[in-house]
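Fold and contact review
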Amino acid sequence: MNNVSLTGRLTREPELRYGGQDNSTAITRFTLAVDDGKDTDFINIKCFGRTAEWAREQSRGRGERAAAAGE
């Protein structure tokens, strides 16, 4: 199994919306700028459910340091 852990800065304020068949599933999208010393990679991240709501509530916006982990 592959695991990933990323640390970087938000490129803009995370966007929260609701979707799914009955528009009840929270979805948060944001981009994380990850600098490895040579290049900067821009990673698109999508969270669902309670994780999405939490990510949006905890964010202060562009330039904030953030970390993401997943499988």
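Conventions and cut-offs
- Residues numbered from 1 in each chain as written.
- Predicted model: local features only at pLDDT ≥ 70, side-chain atom pairs only at ≥ 80, totals over all residues.
- Heavy atoms only, no water.
- Helix = DSSP H or I, 4+ residues; strand = E, 2+ residues; numbered from the N terminus.
- Buried < 20%, exposed > 50% of the residue type's maximum accessible area, 1.4 Å probe, protein only.
- Contact = heavy atoms within 4.5 Å.
- Polar contact = N/O pair within 3.5 Å; in protein donor to acceptor, adjacent residues only side chain to side chain.
- Patch = residues over 30% accessible without salt bridge, like charges linked within 9 Å, V, L, I, M, F, W, Y side chains within 5 Å.
- Areas by Shrake-Rupley, 256 points an atom, 1.4 Å probe, with all protein chains shown as cover.
- Salt bridge = Lys/Arg side-chain N within 4 Å of Asp/Glu carboxyl O.
- Lys, Arg positive; Asp, Glu negative; His and termini not counted.
- Charge placed at Lys NZ, Arg CZ, Asp CG, Glu CD.

**Description of the environment of Ser24**
Looking at the secondary structure, you find Ser24 in the loop between β2 (15-19) and β3 (25-35). Accessibility expressed as a relative area gives 47% for Ser24, which makes it partly exposed. For the pair Ser24 and Val34, spaced 10 residues apart in the sequence, the C-alpha separation amounts to 31 Å. Ignoring sequence-local partners within four residues, the contact set of Ser24 consists of Tyr18 and Gly19. Here the side chain of Ser24 touches Asp22 through a polar contact of 2.7 Å, side chain to side chain.

**With respect to the side chain of Thr28**
Along the polypeptide, Thr28 turns up in strand β3. A distance of 2.8 Å separates a polar side-chain atom of Thr28 from the backbone oxygen of Ala52. With residues up to four places along the chain from it excluded, the contact list for Thr28 reads Pro14, Glu15, Leu16, Ile45, Lys46, Cys47, Ala52, Glu53 and Arg56.

**As for a negative patch on the surface**
Residues Asp35, Asp36, Asp39 and Asp41 make up a contiguous surface patch of negative charge. As for its placement among the helices and strands, Asp36 is situated in the loop between β3 and β4 (40-48). Residue classification places Asp36 among the exposed positions, given a relative accessible area of 52%.

**Overview of unusual backbone geometry**
Not every positive phi belongs to a glycine, and Asn23 is a case in point at roughly 55°. Within the secondary structure layout, Asn23 lies in the loop between β2 and β3. With relative accessibility at 53%, the residue Asn23 sits in the exposed group.

**With respect to the pattern of salt bridges**
Inspection of every chain in the model, using the stated rule, returns three salt bridges. Arg56 is paired through a salt bridge with Glu13; the nearest N and O atoms lie 2.3 Å apart. On the criterion of sequence distance, the pair formed by Arg56 in helix α1 (residues 49-58) and Glu13 in the loop between β1 (4-10) and β2 is long-range, its members being 43 residues apart. Glu64 is the partner of Arg60 in a salt bridge, and the nearest nitrogen-oxygen pair spans 3.4 Å. Taking the relative accessible area as the measure of exposure, Glu64 reaches 19% and is therefore buried.

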